[in-house]
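Observations on the three-dimensional arrangement
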Amino acid sequence: MKIFFLFTFSTFFWSPFEQAAASVHYDKILTHSRIRARDQGQNVCALQQVMGTKKKYFSTCRNWYQGAICGKKATVLYECCPGYMKMDGMRGCPAVAPIDHVYGTLGIVGATSTQQYSDISKLREELEGRGSFTFFAPSSEAWEQLDSEIHRNLIDNVNIELYNALHHHMVNKRMLTKDLKNGMTLVSMYNDQKLLINHYPNGVVTVNCARVIYGNQIATNGVVHVIDRVLTAVGNTIQDFIEVEDDLSSLRAAAITSDVLDILGKPGHYTLFAPTNEAFERLPRGLLERIMGDKVASEALVKFHILNTLQCSEAITGGAAYETLEGNTVEVGCDGESLTVNGVKMVKRKDIVTSNGVIHLIDEVLIPDSAKQVIELGGAQQTTFTDLMIQLGLASSLRPEGQYTLLVPLNGAFSDDTLRMDQRRLKTILQNHIINVKVGLNELYNGQELETIGGKLLRVFLYRTAVCIENSCMVRGSKEGRNGFIHILRQIINPAEKTLHEMLRNDKRFSVFLSLVKAADLDDVLSQPGKWTLFVPTNDAFKSLTDDDKDILIRDKNALRNILLYHLTQGVFIGSGFEPGVTNILKTIQGGKLYLKTVNDTLLVNELKSRESDLMATNGVIHVIDKLLYPADLPVGNDQLLTILKKLIKYIQIKFVRGSAFKEIPLTFYNPSITQLTKLIEGEPEFKIVREGETITKVIHGEPIIKTYTKIIDGRPVEVTEKKVTEERIIQGPEIKYTRITAGGSDNEEKLKKLLEDEVTKVTKFIEGDGHLLEDEEIKRLLQGEAPVRKEQPTRRTQGGTARRRTRLAYP
């Protein structure tokens, strides 16, 4: 009858607790363990035991399916879930363990050493008596692992030391795992010492970093949780420990210099990865001195070793990223019995528990990116660039107080031919990868221009899954250092030097295509500023084209334009900027669609391979193909043209609809030439836009210019004062569109000169001196190179359109 009562009482008593605990991590993991073992019978749990050890875990899904814990192979065990037991001849664990007082329960859960020590220390009477206790009972293995000297001192003084130590494992109220909240602090029954509780998402529950390996064994006067180590008293803060630990004197000095030490003396739940003195000594002397001499860098260094969460070693069963006080993350994992930080075994001593956290001693100093110079941010895949920067003297030019952005190609981007280049040329290439301002990844936008220290302008192209700078796209790994950002690129950057038209003209491979462009009057399109993507067939694409065929093609200008403009699309599309394997649809100027995708780093255009891609021009990009493109849905209505196109295009079936005609494509899709420009030499720049057919009349009276100089007359120096008055009248011209104003500086003068040479179609020039005025016909001959002109100092203003100027020299 008594056995039946115990069975019924324990079933009734356990069920409500079990139901209430269903929402916490420990019990969720336990439920999953039940599910995995359901084929073994009722109330059986599946555990994983790390091979070669006695460590057993109710595992997370991740560890279970990996079949490993901390990188070590784990075997599967099936045991009775906590609170249940086997019965002879029956499958599974159909019975509940008998309920007893705390002392008797210690024997039920196998904590026999703790039960024995409770007996000899005279604690047994209390554990069998009235009350409601929680006992965190060390397993028998835990007592064996205790430091031998501490163990001996406890046994030698059982009535005081051992009794107090056991009381330190007890709380004067029942606390199930569902009640053990992460970050809570309990007060033990010895001298009100603190017990720090952590309840992790992977189901691990710790008390002062000792792991609960068997929880929730209900007793008549409390509950027993078996833990994997003996608890020691916790009194000091992390700051207190650092201040008295001789092996942390270097860390102490750094923490004081950076004003971080006081933080570690405040209440909290911190984890400190504390580098030893030996770890600091291994750092290059210059590096440590620089960081310690920079308060911002030293603060970042120390804070990078501190987590704002308490991470006990027993809770780490796999790698995870944790945010530091510095703001960036560190990867904390495990390898067997060892803890790892950023994948490296560096923890010499773990789980030094304090009142506000835990300390793990490490033998390496962790240096965050924010404490490094930008040149130090390169990793193993960027060593070629950083080595060249040092060899060519560019690294030393990056001042610690400066602001830079390094665009660093991967090692594989540097071919042997590149590395054998003349050093001056190689230095120029590297300078094209250094920006004189600090630009983060989230500050880059499409159409942005970045100026290098070599004076080149680099364009930024932003795509759905890629950011590209000129011909090279970024890979993951951008970092911010103390004096700049580093972005990792796939290729060496080749800044554009020529327009699309100039590139075609300078490459013999494209001579046939260029001749067709010229015949279609499309030269200006490829010469003017803009943002184009041009797919250019090589001469091989036209091998079967005879001179007669070419003449027929050229005579039908509408057809020729339709074909050529199907090769042109608005916008700059870099091949490596496309998401691999995904088809991208681009609308061409002709109106048809191009289908692009990249497969194995090769660009496909309408399923045709691009032989060479990403040739950058100042007004776009060229992708080289070896076949002529043609829109599959565009019919041909001319027999002769159909015959010609069938010679050139064999990869698609060209439609024939007799009598159909190609649509006319007016050249209104690009900006017309700039036909008038006004530039003030003195004062602010000013541009006036005059639309076609409009006239603006304006009279400008220039201020008199007085010059004083010395002239030799009859062998004697005479001071002469010259007064010059200039008038300008009537400004008239067609519509212009100009989107950028440049003023001041010799570089801008050169840009203006080139702009005038390339784009201004009608200019009136005034040549100063002796009151000479050029008429329209003279200006025309001058611009055609028919008459030599002596260049003089220009007046304050150069004016487009028709103008009249009168210059009067006045002498006092």
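To be clear, the structure that these remarks concern was listed above.
Residues numbered from 1 in each chain as written. Predicted model: local features only at pLDDT ≥ 70, side-chain atom pairs only at ≥ 80, totals over all residues. Heavy atoms only, no water.

**Let's talk about the state of the cysteines**
By definition, a disulfide links the sulfur atoms of two cysteines through a covalent bond. One pass over the full model with this rule turns up 5 disulfides. Paired by a disulfide, C45 and C81 hold their sulfur atoms 1.9 Å apart. When the S-S torsion is 105°, as for the bridge of C45 with C81, the disulfide is right-handed. Here C45, found in strand β1 (residues 44-50), pairs with C81, found in the loop between β4 (72-80) and β5 (84-85); they are 36 residues apart in sequence, far enough to count as distant. For the pair C45 and C81, a shared accessibility class is recorded, and that class is buried. Here the bonded cysteines of the protein are numbered in sequence order, and their pairing is 1-4, 2-8, 3-5, 6-7, 9-10. (Disulfide = S-S within 2.5 Å. Helix = DSSP H or I, 4+ residues; strand = E, 2+ residues; numbered from the N terminus. Buried < 20%, exposed > 50% of the residue type's maximum accessible area, 1.4 Å probe, protein only.)

**Focus on the side chain of Q115**
By the secondary structure assignment, Q115 is in helix α5 (residues 112-120). When neighbours within four sequence positions are excluded, Q115 is seen to be in contact with Y103, G104, L106 and G107. (Contact = heavy atoms within 4.5 Å.)

**Here's the deal with the sheet that holds strand β9 (residues 185-187)**
One open sheet holds the 7 strands; their spatial order is β8-β7-β13-β12-β11-β10-β9, and the pairing between them is mixed. Of all the strands in the sheet, the pair left with one neighbour each is β8 (170-171) and β9. As paired strands, strand β11 (residues 205-207) and strand β12 (residues 210-219) are joined by 2 bridges and run antiparallel to one another. The residue bridging T206 from the neighbouring strand is R211, located in β12. (Pairing = 2+ DSSP bridges.)

**A word on the packing of helix α21 (residues 547-555) against helix α22 (residues 557-565)**
Running from amino to carboxyl end, α21 crosses α22 at an angle of 95°, the nearest separation of the two axes being 5 Å. Between α21 and α22, the crossing angle belongs to the class labelled roughly perpendicular. Side by side, α21 and α22 meet where L553, I554 and R555 of the first sit next to K557, L560 and I563 of the second. Grouping the constituent residues of the contact of α21 with α22 by class yields 4 nonpolar, no polar and 2 charged. (Axes fitted to C-alpha atoms, helices over the stretch in contact; angles between N-to-C directions. Parallel < 35°, antiparallel > 145°, perpendicular 65-115°, else oblique. Nonpolar A, V, L, I, M, F, W, Y, C, P; charged D, E, K, R; others polar.)

**A few points about the packing of aromatic side chains**
Per the counting criterion, the structure on display carries 5 aromatic pairs. Ring geometry for F573 and F578: centres 6.3 Å apart, planes at 10°, overall stacked. You can call F578 buried: its relative accessible area is 7%. Following the ring pairs from residue to residue traces out a cluster consisting of Y463, F573 and F578. (Phe/Tyr/Trp six-rings, centres within 6.5 Å; stacked < 30°, edge-to-face > 60°.)

**Looking at the environment of I238**
Within the secondary structure, I238 is located in helix α10 (residues 238-244). Owing to a relative accessible area of 0%, I238 belongs among the buried residues under this scheme. Taking C-alpha positions, I238 is 7.6 Å from S355, a pair spaced 117 residues apart along the chain. Discounting chain neighbours no more than four positions away, the residues touching I238 are L264, Y270, L272, T354, N356, G357, V358 and I359.

**Observations concerning helix α11 (residues 249-257)**
If you check which residues of α11 are buried, you get L251, A254 and A255. Burial along α11 is one-sided: seen end-on, the buried residues are contained in an arc of 100°. Each element contacted by the buried residues of α11 is listed here: α10, β14 (270-275), α12 (277-281), α13 (285-292) and α14 (295-303). Just beyond α11, the residue with positive phi is D259, at close to 60°. (Arc of directions from axis to C-beta.)

**So, the pattern of salt bridges**
One pass over the full model with this rule turns up 35 salt bridges. Measuring nitrogen to oxygen at the nearest pair gives 3.0 Å for the salt bridge that ties E314 to K55. Here the residue E314 occupies a position in the loop between β15 (306-307) and β16 (320-323), and K55 occupies one in the loop between β1 and β2 (56-57), the gap between them amounting to 259 residues. The partner of R211 in a salt bridge is E314, and the shortest N-O contact between them spans 3.5 Å. With a gap of 103 residues between them, R211 in strand β12 and E314 in the loop between β15 and β16 connect regions that are remote in the sequence. (Salt bridge = Lys/Arg side-chain N within 4 Å of Asp/Glu carboxyl O.)

**So, the pairing of β1**
Among the 7 residues in β1, 7 count as buried, and that is most of the element. Inspection of the sheet shows β1 paired to β4 by 7 bridges, in the antiparallel sense. Residue A46 lies in a different strand from β4, and its bridge partner there is Y78. Examined bridge by bridge, β1 and β2 share 2 bridges and lie antiparallel to one another. By the bridge assignment, Q49 is partnered in β2 with K56. Hairpin connection, β1 to β2: the antiparallel pair is bridged by 5 residues, and G52 has positive phi, about 85°.

Treat this as a map of the structure, not an account of what it does.
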